[in-house]
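Summary of structural features
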Amino acid sequence: MGYLDFYRWVCYNNEEYVRRFSPKKDLITLNTAIILSGGVGTRMGTACPKQYLMVREQPVIAYCLDIFEKHSQIDKIVVVAGDEWQPFIQEWIDKKGITKFFDFPPAGRTRQHSIFNGLEVSAKCTPDEGVVIIHDAARPLVSEETVIEVKRSALLYGAAAC
């Protein structure tokens, strides 16, 4: 095992080591979740995009907001959404007491444009060394462990996906 492999193993298995000795230790506490909510749901064929459909008396996006609000390693939440949906989302942010919400960048023409808009806004609340996690609002079942693993992999390798 080479030095770099050993370092990655230690970081992967010991977050306290990363916190104390990593040159990127600031990444531990400065993390932003970008929730992409600009999709229109054409493949589903409904009048309402799936992230705004009601499931058990709340929209799907509310479950995503809850997950990132409660996650100890997420500091800010940015929601990329069309102008027409922002008041609806804001209503749920207020209703659920979401305190980590930062801003609404506009949805882009494509998913890539929406990500770009989200990254531009997240740059205002996340340092250059910070970890940004991008998540689709229509997928509400992300686990706390998945968020931790993606963040940890981004720390080790510079980027991560799941």
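A short tour of the structure in this document, coming up. (Residues numbered from 1 in each chain as written. Predicted model: local features only at pLDDT ≥ 70, side-chain atom pairs only at ≥ 80, totals over all residues. Heavy atoms only, no water.)

This part takes up the overall build of the protein chain. A tally of helices and strands in the protein chain yields six helices and six strands. Classification of the 162 residues of the protein chain by burial places 43% in the buried group. Counting only carbon and sulfur atoms, one obtains 54% of the accessible surface of the protein chain, whose full area is about 9,400 Å². (Helix = DSSP H or I, 4+ residues; strand = E, 2+ residues; numbered from the N terminus. Buried < 20%, exposed > 50% of the residue type's maximum accessible area, 1.4 Å probe, protein only. Areas by Shrake-Rupley, 256 points an atom, 1.4 Å probe, with all protein chains shown as cover.)

Before going further, it helps to spend a moment on the pairing of strand S6 (residues 131-136). Alternating residues of S6 divide into Val131, Ile133 and His135, all buried, and Val132, Ile134 and Asp136, none buried. Here strand S1 (residues 31-36) runs beside S6; their pairing, made up of six bridges, is parallel. The residue of S6 that forms the bridge with Ile35 is His135. (Pairing = 2+ DSSP bridges.)

Turning to the sheet that holds strand S5 (residues 101-103), a few remarks are in order. Read from one edge of the open sheet, four strands run S5-S4-S1-S6, paired in parallel fashion. Taken across any chain shown, the strands that pair with only one partner, and hence form the sheet edges, are S5 and S6. Looking at each pair of strands side by side, their axes are set apart by 30° on average, direction ignored. For S1 and strand S4 (residues 76-80), the ladder comprises five bridges, and the chain directions are parallel. Looking at S4, one finds that Ile34 is bridged to Val78. The strands touched by helix H5 (residues 111-122) within the sheet are S1, S4, S5 and S6, with S1 carrying the most contacts at an inclination of about 150°. In the packing of helix H6 (residues 144-157) onto the sheet, the strands contacted are S1 and S6, and the crossing angle to S6 comes to about 140°. (Axes fitted to C-alpha atoms, helices over the stretch in contact; angles between N-to-C directions. Contact = heavy atoms within 4.5 Å.)

This next bit is on the packing of aromatic side chains. Per the counting criterion, the structure on display carries four aromatic pairs. Summarising the aromatic geometry, the rings of Tyr52 and Phe88 are spaced 5.9 Å apart at their centres and angled 85° between planes, so their arrangement reads as edge-to-face. Separated by 36 residues along the polypeptide, Tyr52 in the loop between S1 and strand S2 (54-55) and Phe88 in helix H4 (residues 86-96) bring together distant segments of the chain. With centroids separated by 5.7 Å and ring planes inclined at 80°, the aromatic side chains of Trp85 and Phe88 adopt a geometry described as edge-to-face. (Phe/Tyr/Trp six-rings, centres within 6.5 Å; stacked < 30°, edge-to-face > 60°.)

Right, let's talk about helix H3 (residues 60-70) for a bit. In an α-helix, one turn spans 3.6 residues; hence positions three or four apart end up facing the same way. A large share of H3 lies buried, amounting to eight of its eleven residues. Those residues of H3 lying buried are Val60, Ile61, Ala62, Cys64, Leu65, Asp66, Phe68 and Glu69.

This is a description of form; function is not addressed.
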